[in-house]
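Chain by chain, the residues:
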Amino acid sequence: MISAAVTGFATAFALILAIGAQNAFVLRQGLLKTHVFPLALFCALSDAALIIAGVWGFGAIVAFWPALPTIMAYAGAAFLFCYGLMRFWAAYVGDYDMQLAGQSGTLAATIATAAAFTWLNPHVYLDTLGLIGAISTQFEGAEKLGFGIGAVTSSFVFFFSLAYGARLLAPLMRSAKAWQVLDVLIGIVMWALACKLLFS
């Protein structure tokens, strides 16, 4: 069971590690040092729910509704494009008084944005429901449970490490120019992911 748990932890961690829309948002919020705990908890719990669904059989839903991945891809791409545009606009305007003061939007707005990044991103489903779910099929009984626990644990470790570890970069983010560069980079990531969803 321990071996299966280690496999689950390593598999999920490797898949989450790639910088994507959700991770970029958590990183940015961590730099602001606001709503860090609830955001990390929300992302970890969302991933945990998806991992559990993948390990215990999401394939049946896709088999029942084959158009679901395509619908999600278009919805996700539209959201990523809009959010990327917002980051480019923020960089263009250059008004970072709130960020430099360590302020951000409300908790509700933060969680709503995180929810969109999580649940409108088909790659999240591919990773958690598809790949992790597929790998879990090699385990049965207690080993399968161990694999699932390991994968879920990795989500909590990753998101809390990312959210709170972002503070280490805080000294670099004391100027409006630094925030402009970050927003441009995030905008590029968002548009690249949107294009990948549309053309892959």
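In what follows, the structure referred to is the one given above.
Calculation criteria
- Residues numbered from 1 in each chain as written.
- Predicted model: local features only at pLDDT ≥ 70, side-chain atom pairs only at ≥ 80, totals over all residues.
- Heavy atoms only, no water.
- Core = buried A, V, L, I, M, F, W, Y, C linked by side-chain atoms within 4.5 Å.
- Buried < 20%, exposed > 50% of the residue type's maximum accessible area, 1.4 Å probe, protein only.
- Helix = DSSP H or I, 4+ residues; strand = E, 2+ residues; numbered from the N terminus.
- Contact = heavy atoms within 4.5 Å.
- Expected span 1.5 Å × (residues − 1).

S.K.: For the nonpolar core, give the residues involved together with the corresponding values.
M.R.: One finds Val26, Leu80, Phe117, Phe159 and Met190 to be the most contacted residues of the largest nonpolar core, which totals 30 residues. Contributions of two or more residues to this core are made by helix 2 (21-32), helix 3 (36-55), helix 5 (68-93), helix 7 (107-119), helix 9 (141-165) and helix 10 (176-199). Counting residues per element, this core draws most heavily on helix 10, which supplies seven residues. Excluding residues that lie within four positions of it along the chain, Leu80 makes contacts with Ala21, Phe117, Met190, Trp191, Leu193, Ala194 and Leu197. Ala48, Ile51, Val55 and Ile132 belong to the second-largest nonpolar core, a separate cluster that totals 10 residues.

S.K.: Which residues make up unusual backbone geometry, and what are the values?
M.R.: Non-glycine residue Lys33 carries a positive phi angle of around 60°. Of note, Lys33 is situated in the loop between helix 2 and helix 3. Even without being glycine, His35 reaches a positive phi, approximately 55°. By secondary structure assignment, the location of His35 is in the loop between helix 2 and helix 3. Given a relative accessible area of 25%, His35 falls into the partly exposed group.

S.K.: Please provide a residue-by-residue account of helix 10, values included.
M.R.: Taking 1.5 Å per residue, 24 residues should reach 34 Å; helix 10 reaches 34 Å between its end C-alpha atoms and fits that length. Taken residue by residue, helix 10 has Ala178, Trp179, Leu182, Asp183, Ile186, Gly187, Met190, Leu193, Ala194 and Leu197 as its buried positions.

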